[in-house]
Amino acid sequence: MLNEWQQKDLKYIWHPCSQMKDYEELPPIVIDRGEGVWLYDIEGNKYLDAISSWWTNLFGHCNKRLNDALKAQVDRLEHVIFANFSHKPAIELSQKLIEIAPKGLGKVFFSDDGSTSVEVALKMSFQYHQQMGNFSKLKFACFTNSYHGETLGALSVGNIDLYSKIYKPILKESIKIQGHDCFRCKYNKTRYECDIECFEEVEKVFEKHHKEICAVIIEPIIQCAGGMKIYPPKFLRLLREACNRYRVHLIADEVAVGFGRTGKMFACEHAGITPDFLCLSKGLTAGYMPLAVTLTNQEIFDAFYADYVELKAFLHSHSYTGNPLACAIALESLKIFEENNVLKKINEKANYLEELARKTFDKHKFVGEYRQFGFIGAIELVEDKATKKEFDWKKRVGYHIYKSALKKGLLIRPLGNVIYFMPPFVIEKNEIDFMISGTLEAVNQFFGL
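The model shown is predicted, which means the values in this text are computed figures rather than measured ones. Numbering of residues starts from 1 in each chain and follows the order in which that chain's sequence is written. Whole-chain, interface and lining totals are the exception, using all residues; otherwise, since this is a predicted model, local features are given only for residues with pLDDT of at least 70 and side-chain atom pairs are given and counted only at 80 or more. Heavy atoms throughout the structure, all of them, feed into the side-chain values; hydrogens and water do not.

A. Spatial organisation of the overall build of the protein chain. The numbering of helices and of strands both runs from the N terminus, where a helix is a DSSP run of H or I of at least 4 residues and a strand a run of E of at least 2. The helix and strand tally for the protein chain stands at 14 helices and 16 strands. For the protein chain, the spread of C-alpha atoms along the principal axes amounts to about 65 × 60 × 45 Å. Partly exposed describes any residue whose relative accessible area lies between the buried limit of under 20% and the exposed limit of over 50%, with all areas from a 1.4 Å probe on protein chains only and scaled to the type maximum. Classification of the 449 residues of the protein chain by burial places 55% in the buried group. A separation of at least 24 residues holds for 70% of the contacts in the protein chain among residues at least 6 apart in sequence. Each accessible area is a Shrake-Rupley estimate made with a 1.4 Å probe; only the visible protein chains count as cover when residues are assessed. Approximately 21500 Å² of the protein chain is accessible, and the part contributed by carbon and sulfur atoms is 53%. Of the charged side chains in the protein chain, 57 are positive and 57 negative; the average position of the first set lies 3 Å away from that of the second. The contact criterion used throughout is that any non-hydrogen atoms of two residues lie within 4.5 Å. In this tally, Lys and Arg are treated as positive and Asp and Glu as negative; His is ignored, and so are the chain termini. Charged groups are reduced to one reference atom each: NZ for lysine, CZ for arginine, CG for aspartic acid, CD for glutamic acid.

This is the structure:
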């Protein structure tokens with residue numbers, strides 16, 4: 001029986017990333033409030049937010065420090081046009097981002113969300129090459145199984161048919177590079193012991209197409225929406241070197257993995273590299289408000305710096321660019337990182353999570369692999385452990401386990417046959433215990449174990 005709010009929801013709202021017919025069986029859960037890692041619905045049920053509400057929340061729901069920062073800012077300035085105007089929160093945030101970003105990045109361009117931060121990087125790279133006389137560079141390269149957002153430009157450099165197949169006639173053609181799948185490595189190696197043999201695919205593509213490639217885009221260390229696929233940092237180092245040799249820009253999409261998720265502030269740090277563009281969003285405002293940035297270097301900025309009549313300006317804009325409320329929260333979030341030794345605490349909790357998860361899932365009949373990097377863990381469910389055979393996607397194995405977990409007070413939205421953990425950093429050990437035990441119960445319930 002639907003309550004009043006569920007009825008109104010279904011009457012008026014079209015939810016994202018959903019087949020709305022599913023809501024006949026599983027109606028929307030109407031959340032009333034949040035506290036720490038917990039969400040509370042209007043019926044009084046609570047759910048541990050094991051996915052940080054789509055990978056955004058860092059320091060828990062309704063964090064007092066972040067709440068206070070928002071309240072203080074809203075009484076000073078809610079928004080102002082960002083062309084020819086500025087404000088202190090944006091200036092201070094930009095300075096802080098450049099201080100903590102990989103060395104060499106010196107300019108910050110604001111936008112609204114992960115997809116738009118990617119759009120900015122793509123357009124900047126393309127326009128740069130055109131203004132530098134590299135007129136043949138008209139395409140982008142990306143990796144198979146990658147995901148960079150759902151605007152048309154971002155979809156053009158993604159490679160998950162579930163999101164992009166229907167739109168292919170209106171997408172810009174990109175050059176696909178065979179991606180890394182360490183769980184099903186065709187060289188029969190592991191991500192812990194290999195010589196990055198799969199990088200030969202990059203070399204082949206660059207050698208053949210480098211004159212027409214503006215930039216290559218990659219999710220550093222982890223392909224998130226593609227199933228939390230983890231690859232060695234050395235791959236990034238080799239990619240940086242190849243981009244330098246072939247004069248191809250490197251776009252690092254850290255929308256999901258930035259701000260401590262991998263155990264360092266930015267995933268690129270694990271490889272010791274600096275991309276030409278660094279795309280950030282999600283955790284930037286600790287899960288509070290939409291905000292994104294694209295960081296780039298002085299050389300690229302200088303290619304746009306000219307008298308107006310030369311028409312070299314980058315004219316991309318958003319109405320809410322550099323929103324003061326969002327910037328104030330992001331700035332306070334970065335202060336929490338500094339003052340509370342957050343990265344050290346993340347890595348301690350990550351070690352606890354990995355030890356417990358491996359003990360729980362490594363020998364499970366239907367778990368092909370538990371993998372983890374930093375504070376992101378993933379369970380890959382398989383039909384046959386020996387052959388690593390996948391479940392037919394039409395069986396919706398992950399979705400059914402997700403529904404079961406909800407009844408146990410646990411939010412673990414799946415990626416196909418992959419169940420993953422990306423909880424807020426404030427999660428405690430007893431809550432990690434609950435997250436793992438609840439997941440095991442949901443998995444076993446589905447398989448009748």
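Having seen it, we continue.
B. Representation of unusual backbone geometry. The phi angle at Ser52 is positive, at roughly 50°, despite the residue not being glycine. Looking at where Ser52 falls in the secondary structure, it is placed in helix H2 (residues 52-55). In this model, Lys282 sits at a positive phi of 40°, which is unusual for a non-glycine residue. Tracing the backbone through its elements, the reader meets Lys282 in the loop between strand E11 (277-280) and strand E12 (292-296). Taking the relative accessible area as the measure of exposure, Lys282 reaches 24% and is therefore partly exposed.

C. Quick peek at a nonpolar patch on the surface. Only residues whose relative accessible area exceeds 30% and that form no salt bridge enter a patch; like-charged residues are grouped when within 9 Å of one another, and nonpolar side chains (Val, Leu, Ile, Met, Phe, Trp, Tyr) when within 5 Å. The salt bridge criterion pairs a side-chain nitrogen of Lys or Arg with a carboxyl oxygen of Asp or Glu, the two atoms within 4 Å. Taken together, the side chains of Leu152, Ile166, Tyr167 and Ile170 define a hydrophobic patch exposed on the protein surface, amounting to about 430 Å² of accessible area. Here Leu152 shows up in helix H6 (residues 152-156). Classification of Leu152 as partly exposed rests on a relative accessible area of 43%.

D. Structural view of the environment of Phe375. For Phe375, the position within the fold is in the loop between strand E13 (367-373) and strand E14 (376-381). Once the C-alpha coordinates of Phe375 and Pro424 are considered, the two residues, 49 residues apart in sequence, prove to be 9.3 Å apart. In this view, Phe375 contacts Arg261, Ile346, Lys349, Ala350, Leu353, Phe421, Met422, Pro423, Pro424, Phe425, Ile427 and Ile432; residues no more than four positions away in its chain are not counted.

E. Up close: the sheet that holds strand E15 (residues 410-411). At least two DSSP bridges between two strands are needed for those strands to be called paired. One open sheet holds the four strands; their spatial order is E1-E2-E3-E15, and the pairing between them is mixed. Only two strands of the sheet have a single partner each, and these edge strands are strand E1 (31-35) and E15. With four bridges joining them, E1 and strand E2 (residues 38-41) adopt antiparallel strand pairing. Within the sheet, the bridge partner assigned to Ile31 lies in E2 and is Asp41.

F. Here's a closer look at the UniProt feature "modified residue: N6-(pyridoxal phosphate)lysine" (unreviewed entry) in the protein chain. UniProt positions are given in the numbering used here, feature names are shortened, and annotations may be inferred rather than shown by experiment. Mapped onto this numbering, the UniProt entry gives "modified residue: N6-(pyridoxal phosphate)lysine" (unreviewed entry) at Lys282. Each residue touching Lys282, except ones within four places of it in the same chain, is listed here: Trp54, Trp55, Thr56, Val255, Ala256, Gly287 and Leu291. We define a polar contact as two N or O atoms separated by no more than 3.5 Å, with the added condition that, inside protein, one atom must be a possible hydrogen donor and the other a possible acceptor, whereas residues neighbouring each other in sequence contribute only through side-chain atom pairs. Reaching out from Lys282, the side chain makes a polar contact with the backbone oxygen of Trp54 at a distance of 3.1 Å.

G. Focus on the packing of helix H8 (residues 200-209) against helix H9 (residues 233-246). Axis lines are fitted to C-alpha atoms, over the contacting stretch for helices. Their N-to-C directions set the angle, which ranges from 0 to 180 degrees. With their axes 11 Å apart at the nearest point, H8 and H9 run at an angle of 10° to one another. Comparing their axes, H9 and H8 come out roughly parallel. Crossing geometry of H8 relative to H9 is assigned as right-handed. On H9, the residues that touch Val202, Glu203, Phe206 and Glu207 of H8 are Phe235, Leu239, Ala242, Cys243, Arg245 and Tyr246. Side-chain classes follow a simple rule in which Ala, Val, Leu, Ile, Met, Phe, Trp, Tyr, Cys and Pro form the nonpolar group, Asp, Glu, Lys and Arg form the charged group, and the remainder, Gly included, forms the polar group. Residue composition of the contact of H8 with H9, by class: seven nonpolar, no polar and three charged. Note on angle classes: values under 35 degrees are labelled roughly parallel, values over 145 roughly antiparallel, values of 65 to 115 roughly perpendicular, and the remainder oblique. Left-handed describes a crossing whose near helix is turned anticlockwise from the far helix through less than a right angle; right-handed describes the clockwise counterpart.

H. Summary view of the packing of aromatic side chains. To pair, rings of Phe, Tyr and Trp, with the six-membered ring standing in for Trp, must have centres within 6.5 Å; the planes then decide the type, stacked if under 30 degrees apart, edge-to-face if over 60, and tilted in the middle. The final tally for this structure, using the stated rule, is 21 aromatic pairs. Plain terms: the ring middles of Phe199 and Phe235 are 5.2 Å apart, the flat faces sit at 75° to each other, and that makes the pair edge-to-face. Pair noted here: Phe199 is in the loop between strand E6 (175-177) and H8 and Phe235 is in helix H9, with a separation of 36 residues, a long-range link. Accessibility classification places Phe199 together with Phe235 in one group, the buried group. Pairing Phe366 with Phe447 gives two aromatic rings, centres 4.1 Å apart and planes at 10°, and the pair type is stacked. Here Phe366, found in the loop between helix H12 (342-361) and E13, pairs with Phe447, found in helix H14 (residues 429-447); they are 81 residues apart in sequence, far enough to count as distant. Taken individually, Phe366 and Phe447 each receive the classification buried, so the pair is uniform in this respect. Connected via pairs of aromatic rings, a cluster forms that spans Phe59, Phe337, Phe375 and Phe425. To sit over a ring, a charge needs its Lys NZ or Arg CZ within 6 Å of the ring centre and within 35 degrees of the ring normal. Above the ring of Tyr40, the side-chain terminus of Arg33 is found at 4.0 Å from the ring centroid. Above the plane of the ring of Phe301 lies Lys107, whose end atom (NZ or CZ) is 4.3 Å from the centre.

I. Quick peek at the nonpolar core. Residue types Ala, Val, Leu, Ile, Met, Phe, Trp, Tyr and Cys, when buried and joined through side-chain atoms within 4.5 Å, form a set referred to as a nonpolar core. If you look at the biggest cluster of nonpolar residues, it comprises 110 residues, and the most contacted ones within it are Phe206, Val216, Met228, Leu239, Phe259, Phe337 and Leu381. The biggest single contributor to this core is helix H11 (residues 324-339), with eight residues. The residues touching Phe337, leaving out its near neighbours within four places in the chain, are Leu58, Phe59, Phe259, Met265, Val342, Leu343, Ile346 and Phe425.

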